[in-house]
Each structure stands twice: as C-alpha cells, then as structure tokens.
Amino acid sequence: MTDATIIDGKAFAARVRETVGQQVAALKNQHGLTPGLAVVLVGEDPASEVYVRNKGKATAESGMASFEHKLPADTSEADLLALVAQLNADPAVHGILVQLPLPDQINEAAVLDTIDPAKDVDGFHVINAGRLATGGDALVPCTPRGCLMMLKETLGDLSGKRALVLGRSNIVGKPMAQLLLGENCTVTIAHSRTADLADECRRADILVAAVGRERMVPGDWVKPGATVIDVGINRVPEDRPAKNPDNDPSKMRLVGDVDFDSAVKVAGAITPVPGGVGPMTIACLLANTVTAACRQHGVPEPKA
Ligand code: GUN
C-alpha cells in the first residue's frame, strides 16, 4: 500500500489568503469598504502572544485594517466588557476576536456573548452556534471551517460518508460535526467516554481528531483509504534520533492527536502537524472578517 496523500495546509492557506486579499481590494475599490479586525489579548501568555501577533500580521498583509488591544493580566471583567462594547460600536471594526484563554477573574462566556454576533468572527457566540445548528447564516468557527475546506478539496462531495469527530469542544468538535452534517455525512461524535473508540474510528471514511492528546490515534485505528484531519497541536520532547542525536531534553517538537508515522501508511489522505490545519485557521479568520464586513454593509458576499 502506498503512503497517504499529505494535505498541504500551508499551501492551501496561502491560496485562501491570496483570494481574501483580492476580495479586500475589490471591496475597497468598488464599495469604499475596508474590512477591519480587532484582536484583544489579556495577559502575557507566550503562546497567545504569538497567535495574536500572527493574526495581526496576516490581517494587515491581506489589506484589511488591524486593531490590536493588549490589556494587562489583572484587567477586570468590567473593563474588558467595556472595551468589547466600544468595539461593537466602532464602524471601522467588522470583526472582533478576544483571544482565549482569559485570566481566571474573567468569565469567558460573559465576554463571548457580549460580542455583537455580526462581528463574532470566531463564531463562538451562542447566536452563531445556534444558527449553525439550525442551518442559518452563521459566522462559523475558523478551525472547523478550515477543516471542511480541506475535506472538500480532497474528497469533493462528502454526501453519505461516515465521519467521526473525536472531541466535543464548542470551538472545534461540535461545530465540526454540524458542518459535516450540513454536507450530508453520517456523523458520530466520540470523546473520552466513548466505548470501543478504536472500532468507531475504524468505521470512519473521514476522521477529524480534536482531543488535544498527543498521538492518541494510532495507524491501526484508521480505516484504509480514510481521510484524516488532525487538529491537535501538542508539544512533546523531540524523540526522533535523527533530529535530536544528543537526546537533549530541552528540544521539543509539535505533534498532532494522530500518530502520523503509522497513520500515513494506512490513510488515503492526511494533514501533517505542523503545516496542516493550523495555517488554515488564520486564513479562515480573514475570510470570516470579509464575510462579516459584507453582511454589515449589505454587500454581496464572496463565495466560501
Ligand atoms: N485560542 C486558541 N485558539 C483560539 C481561537 O481560535 N480563537 C480565540 N479567540 N482564542 C483562541
């Protein structure tokens, strides 16, 4: 059996970002509209700082207006809610993203549900979750949207396929399942309490792994020829002798929720980590911001 096709998320995301750049240029020229994205970071979590920097950079590169708000770690919930209210009212801001996780003194749900649903480019507001579940015009969370784009690019029509979503988070698992249902897949959501998890996985034509447990899915859980989308990003010690000949314990690398080396021998197509789902998430954030700006201004939306 030949190895799986590797789905190149980096190249795909670059194409999406180029398209978004063209859409932004057209909105400026034809409608005098410059989409704007505000990203809010509370505290100094190093990983969040990197994400926020990358989001701001990508926003500016696409020709959109980027607004970054950095607040100290001891910011009160009231102060954060006041900033969100200010951004809700700002006509130059079409998308608002409050980077998660938030410090303990702030109620995450209260903040997410204060964001105007029309500007909720993360798609985390209950209104958008409800619209997605009921087939309405939702803003869709970026990571599942990116996963779906890669699945459609790889497989074309998804109708009738058996899809297994491993993980039930509000950010990835649940919206992913809704999107696959919308594509006429037969969808199972599996999680830590699922009985016979290996057998559930082995039945799936499409396997989306989003549990946050490093290399949890071995190759022999994968149906031969299945398409595997790995959402996991886990830092582990570098255990490949060729990459770490001195066995330096401080050397780390990123791995997914799927054991890539064994799964690539069985799957039909698979996303790598890094370079798979990750780059698509930012590309979809930009696409969501264009969608939000168009809807707010009654301008026809570019096709997804
Ligand atoms: N933290 C990690 N991923 C995300 C994301 O997609 N959106 C937000 N707001 N915070 C995150």
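Our subject in this report is the structure included herewith. (Residues numbered from 1 in each chain as written. Predicted model: local features only at pLDDT ≥ 70, side-chain atom pairs only at ≥ 80, totals over all residues. Heavy atoms only, no water.)

Describing the layout of surface pockets
Gaps left between atoms show up when a probe the size of a water molecule is rolled over them. The calculated volume of the largest pocket comes to roughly 1,600 Å³. Taken together, 50 residues line the largest pocket, and the ones lying closest to its centre are Y51, T143, I233, G278 and T281. Among the elements that line the lining of the largest pocket, the one with the most residues is helix α2 (residues 46-61), at nine residues. Taken together, the residues of the lining of the largest pocket sort by class into 28 nonpolar, 12 polar and 10 charged. (1 Å grid on protein atoms, 1.4 Å probe; cavity = no way out; pocket = protein on both sides within 12 Å on 5 of 7 lines; lining within 4 Å. Points joined across faces, edges and corners; volume = space filled by probe spheres on them. Helix = DSSP H or I, 4+ residues; strand = E, 2+ residues; numbered from the N terminus. Nonpolar A, V, L, I, M, F, W, Y, C, P; charged D, E, K, R; others polar.)

Concerning the nonpolar core
Judged by nonpolar contacts, the single largest core of 42 residues is most densely connected at V20, L151, M176, L180, V208 and I229. Per-element tally for this core: the top contributor is helix α10 (residues 277-297), with nine residues. Beyond its immediate stretch of four places on either side in the chain, I229 contacts I7, C147, M150, L151, L207, V208, A209, T271 and V277. If you look at the next biggest cluster of nonpolar residues, it comprises 22 residues, including V217, W221, V228 and A263. (Core = buried A, V, L, I, M, F, W, Y, C linked by side-chain atoms within 4.5 Å. Buried < 20%, exposed > 50% of the residue type's maximum accessible area, 1.4 Å probe, protein only. Contact = heavy atoms within 4.5 Å.)

Notes on the packing of α2 against α10
With their axes 10 Å apart at the nearest point, α2 and α10 run at an angle of 50° to one another. For the element pair α2 / α10, the angle class is oblique. As for how α2 packs across α10, the hand of that crossing is right-handed. Between α2 and α10, the residues in contact are N54, K55, A58 and T59 and I282, L285 and L286, respectively. Each residue belonging to the contact of α2 with α10 can be placed in one class, and the counts come to four nonpolar, two polar and one charged. (Axes fitted to C-alpha atoms, helices over the stretch in contact; angles between N-to-C directions. Parallel < 35°, antiparallel > 145°, perpendicular 65-115°, else oblique. Left-handed = near helix turned anticlockwise from the far one by under 90°.)

Description of the packing of helix α6 (residues 142-155) against α10
It is the contact of α6 with α10, at a shortest axis distance of 8 Å, that shows an interaxial angle of 105°. Comparing the axis directions of α6 and α10 gives the class roughly perpendicular. From α6, C142, T143, R145, G146, C147, M149 and M150 reach across to α10, where they touch V277, M280, T281, C284, L285, A287, N288 and T291. Each residue belonging to the contact of α6 with α10 can be placed in one class, and the counts come to nine nonpolar, five polar and one charged.

Some words on the site of the ligand
Close to the ligand lie L97, V98, Q99, L100, D122 and F124, which account for all nearby residues. L100 is positioned such that a nitrogen or oxygen atom in its backbone is 2.9 Å from a nitrogen atom of the ligand. Relative to its free-state accessible area of 280 Å², the ligand is covered by the protein chains to the extent of 78%. Among the cavities detected, the one that contains the ligand is the largest pocket. Looking at the shell around the ligand residue by residue, the classes come out as four nonpolar, one polar and one charged. (Near = heavy atom within 4 Å. Polar contact = N/O pair within 3.5 Å; in protein donor to acceptor, adjacent residues only side chain to side chain. Areas by Shrake-Rupley, 256 points an atom, 1.4 Å probe, with all protein chains shown as cover. Sits in = over half its atoms within 2 Å of the grid points.)

Here's the deal with unusual backbone geometry
With an omega dihedral of 0°, the bond running from L100 to P101 counts as a cis peptide bond. Mapped onto the secondary structure, P101 falls in the loop between β4 (95-98) and α4 (108-112). Despite not being glycine, D196 shows a phi value in the positive range, around 55°. Relative to the helices and strands, D196 resides in the loop between β6 (186-190) and α8 (197-202). Owing to a relative accessible area of 55%, D196 belongs among the exposed residues under this scheme. Look at R215: it is not a glycine, yet its phi comes out positive at around 45°.

As for the pattern of salt bridges
In the structure shown here, the tally under the stated rule is 13 salt bridges. Across the salt bridge formed by R203 and E200, the nearest N and O atoms sit 3.4 Å from each other. Classification of R203 by relative accessible area gives partly exposed; the value is 42%. Given the relative accessible area of 21%, E200 is considered partly exposed. The network of salt bridges with shared partners includes E214, R215, E238, D239, R240 and R253. (Salt bridge = Lys/Arg side-chain N within 4 Å of Asp/Glu carboxyl O.)

A closer look at the sheet that holds β6
Strand pairing in a sheet is mediated by backbone hydrogen bonds. Such pairs are either parallel or antiparallel. If you trace the six strands from one edge of the open sheet to the other, you get β1-β11-β8-β7-β5-β6, paired in parallel fashion. In this open sheet, the two strands that pair with only one neighbour each are β1 (5-6) and β6. In terms of strand pairing, strand β8 (residues 227-230) meets strand β11 (residues 269-270) through two bridges, oriented parallel. The residue bridging V228 from the neighbouring strand is I270, located in β11. Each of β7 (206-209), β8 and β11 touches α6; the most contacted strand, β8, lies at about 160° to it. (Pairing = 2+ DSSP bridges.)

Quick look at α6
The end-to-end C-alpha distance of α6, which contains 14 residues, comes to 20 Å, matching closely the 20 Å that a straight helix rising 1.5 Å per residue would cover. Along α6, the positions that sit buried rather than exposed are C142, T143, P144, R145, G146, C147, L148, M150 and L151. Those residues of α6 hidden inside the fold are in contact with α1 (9-31), α7 (173-182), β7, β8 and α10. Just beyond α6, the residue with positive phi is G156, at close to 70°. (Expected span 1.5 Å × (residues − 1).)

No statement about biological role is implied by the geometric values presented.
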